[in-house]
Amino acid sequence: MNKFITKAKDMINKKDILKADELLRAGEVIGLPTETVYGLAADASNPEAVKKIFALKNRPIDHPLIVHIASDRYLKDWATDIPERAYQLTRAFWPGPLTLILKKAPFVSPIITGGQDTIGLRCPSHPVAQAVLQVFQGGIAAPSANRFGYTSATSANHVRQDFGDEIPLVLEGGVSQIGIESTIVDLTSNSPTILRPGMITQAELEAVLKCPALLSSKNSPRVSGSLASHYAPKTPTSIFEWNDLLAHCNKLAPTDQVTVIAREKAPFHLPQIIWKEMPDNAERYAQLLYHTLRESDQLGVREILIEQVPHEGDWAAIYDRLKRATVRNEN
Ligand code: TXA
Ligand code: MG
């Protein structure tokens, strides 16, 4: 049994699913809940609809989109030369937070793939996303539903905050259960490569593949989430080891309002600090991460200070997102 299958079947409202299907067929973009983060969804076989996603997100045109499908039976519609490894992974992790990079099928529009000959495919487990895919049948292109470079959306409200009435429908699906984006594995070369870490870990992938799955060290724009700065709040945000965090807090001037995000209780109370205690468990931390960053951003504080998390295992993906949320791109 796949541990990521959401049981919240009662979130499915048939009328909304049919409305979503109708809008997708009409070439519109909608907000779609998934178990990782919410997506901005459009018909992947309609280039004009897909172009609307890029315009809405303000996303560079060479950053490819993931196509969401209802099950691995649809892989052949979008990909070619599919290695057996792909099916090993889909059997273990689909539906769920894993995206596979495969060689694209000839007809797939370059607008989806950023002009590359590969395609990202994912089968989400969220019951609302599944219900839409079952009715729609085709592929749904969906990047995370945030403005380019900003913190991803983990609730329908986040999507409405970012896009308001620019999209005709945001499907309600509760709070995203995983909370950070899918693990992306490239299967187009001899050795599987993790392009973006996620809550399906390197060790879990290697256990299924029975071979190494190396973490890509490249900072290439093939994966926009691999740009140095991404997922970033608007408020200046930095990471500190615990002792440095305390030292920094002790130096704050009385007017320096800050938010601290840490896995410990506040060891002191200073009026200028809003302390947000996070779970010391990677799965639960990931669930709350973007919500906490967005909430902190809205408080109008001068700085957000985050306690460093472990680099390894379950924490690797959170470590990666925090790193990118706290660097500034030069331009
Ligand atoms: O969990 C997720 O993956 C969410 C939900 C909505 O499914 N989607 C998501 O999409 O995170 P987005 O566009 O924010 O990030 C997708 C990443 C991008 O960094 C993109 O560059 C990469 O996937 N990607 C897509 N197709 C690719 C390809 N053919 N080769 C390499 N990277 C690719
Ligand atoms: Mg994104």
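Residues numbered from 1 in each chain as written. Chains lettered and ligands numbered in written order. Predicted model: local features only at pLDDT ≥ 70, side-chain atom pairs only at ≥ 80, totals over all residues. Heavy atoms only, no water.

> Account for the packing of helix α10 (residues 282-298) against helix α11 (residues 316-325), with residues named and values stated.
For the pair α10 and α11, interaxial distance at closest approach is 11 Å and the crossing angle is 20 degrees. Our classification of the angle between α10 and α11 gives roughly parallel. In this structure, the crossing between α10 and α11 has a hand that is left-handed. Of α11, the residues touching α10 (which contributes Ala-282, Tyr-285, Ala-286, Leu-289, Tyr-290 and Leu-293) are Ile-318, Arg-321, Leu-322 and Ala-325. Across the contact of α10 with α11, the residue classes break down as 9 nonpolar, no polar and 1 charged. (Axes fitted to C-alpha atoms, helices over the stretch in contact; angles between N-to-C directions. Helix = DSSP H or I, 4+ residues; strand = E, 2+ residues; numbered from the N terminus. Parallel < 35°, antiparallel > 145°, perpendicular 65-115°, else oblique. Left-handed = near helix turned anticlockwise from the far one by under 90°. Contact = heavy atoms within 4.5 Å. Nonpolar A, V, L, I, M, F, W, Y, C, P; charged D, E, K, R; others polar.)

> Just give me the short version of the environment of Lys-14, but keep the residues and values in it.
Here Lys-14 is to be found in helix α1 (residues 14-25). Residues Lys-14 and Pro-106 lie 92 residues apart in sequence; the distance between their C-alpha atoms is 35 Å.

> Any chance you could break down the sheet that holds strand β14 (residues 303-307) for me, citing the residues and the numbers?
Pairing is parallel in the open sheet, where 4 strands are placed in the order β11-β14-β12-β13. On the outer flanks of this sheet lie β11 (237-240) and β13 (273-277), each paired with one strand and no other. Strand-to-strand twist in this sheet, taken as the mean axis angle between neighbours without regard to direction, amounts to 20 degrees. Bridge count for strand β12 (residues 258-262) against β14 is 4 bridges, and the pairing is parallel. (Pairing = 2+ DSSP bridges.)

> Tell me what's going on with the domain arrangement of the protein chain, and back it up with residues and numbers.
Split into domains, the protein chain comes out as domain 1 (9-215) and domain 2 (237-329). On a C-alpha basis, the centroid separation for the pair domain 1 and domain 2 is 29 Å. Each side of the interface is counted separately: domain 1 has 23 residues, and domain 2 has 18 residues. Contact between domain 1 and domain 2 buries roughly 1500 Å² in total, counting both sides, with carbon and sulfur atoms accounting for 56%. Summed over the shared surface of domain 1 and domain 2, the number is 2 salt bridges. A salt bridge links Arg-294 to Asp-162; its shortest N-O distance comes to 2.9 Å. (Domains from an automatic or database assignment. Buried area = accessible area lost by both parts, 1.4 Å probe. Salt bridge = Lys/Arg side-chain N within 4 Å of Asp/Glu carboxyl O.)

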